[in-house]
Amino acid sequence: MINFDTAVLKNMKLRETTMAQFRLEFFNLFNRANFYQPYSHAGSFTTYNGTIAFVPDPAFGQILQARPGREVQLAFKLTF
């Protein structure tokens, strides 16, 4: 999994004991696709006319999901 997270922030002193902070945070900055593992259920056995048969799963070996793409978060923090 390759993921680049970064943040840009600005600290400002408002009074002697009061600080304000603006933050812009990026998660998965370059929007790289991070896939989950391939589907691993190969199939199942069933009985058909008294004979045991293997029924393969058509999704076996396919990648069906991915982790979230780029997310951006804006925040403001006030400390006193």
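Right, let's walk through the structure included here. Everything numeric in this text was worked out from a predicted model, so none of it was measured. (Residues numbered from 1 in each chain as written. Predicted model: local features only at pLDDT ≥ 70, side-chain atom pairs only at ≥ 80, totals over all residues. Heavy atoms only, no water.)

Here we look at the pairing of strand β2 (residues 19–27)
Looking down a regular strand, the side chains alternate between one sheet face and the other. Direction of pairing for strand β1 (residues 6–13) relative to β2: antiparallel, over a ladder of 8 bridges. By the bridge assignment, A7 is partnered in β2 with E25. In sequence, β1 turns back onto β2 through a hairpin of 5 residues. Of the pairings in the sheet, the one linking β2 to strand β5 (residues 71–79) comprises 9 bridges and is antiparallel in character. Paired with F22 across the strands is F76, a residue of β5. (Pairing = 2+ DSSP bridges. Helix = DSSP H or I, 4+ residues; strand = E, 2+ residues; numbered from the N terminus.)

Let's talk about the side chain of T18
Looking at the element boundaries, T18 is found in the loop between β1 and β2. Residues contacting T18, with those up to four places away along its chain left out, are M12, K13, L78, T79 and F80. (Contact = heavy atoms within 4.5 Å.)

Some words on the packing of aromatic side chains
Summed over all chains, the structure comprises 3 aromatic pairs. An angle of 75° between the planes, with centres 5.3 Å apart, marks the rings of F4 and F30 as edge-to-face. Highlighted residues: F4 in the segment before β1 and F30 in the loop between β2 and β3 (43–48), separated in sequence by 26 residues. You can call F30 exposed: its relative accessible area is 59%. Ring centres 4.9 Å apart and planes at 45° place the aromatic pair F22 and F76 in the tilted group. Here F22, found in strand β2, pairs with F76, found in strand β5; they are 54 residues apart in sequence, far enough to count as distant. You can call F22 partly exposed: its relative accessible area is 40%. (Phe/Tyr/Trp six-rings, centres within 6.5 Å; stacked < 30°, edge-to-face > 60°. Buried < 20%, exposed > 50% of the residue type's maximum accessible area, 1.4 Å probe, protein only.)

Observations regarding the side chain of E25
Inspection of the secondary structure puts E25 in strand β2. Residue classification places E25 among the buried positions, given a relative accessible area of 13%. Within the structure, the side chain of E25 is placed 2.8 Å from the side chain of R23, a separation counted as a polar contact. Among the polar contacts listed, one links the side chain of E25 to the side chain of Q73, at a separation of 2.7 Å. Not counting residues up to four positions away in its chain, the partners in contact with E25 are T6, A7, E71, V72 and Q73. (Polar contact = N/O pair within 3.5 Å; in protein donor to acceptor, adjacent residues only side chain to side chain.)

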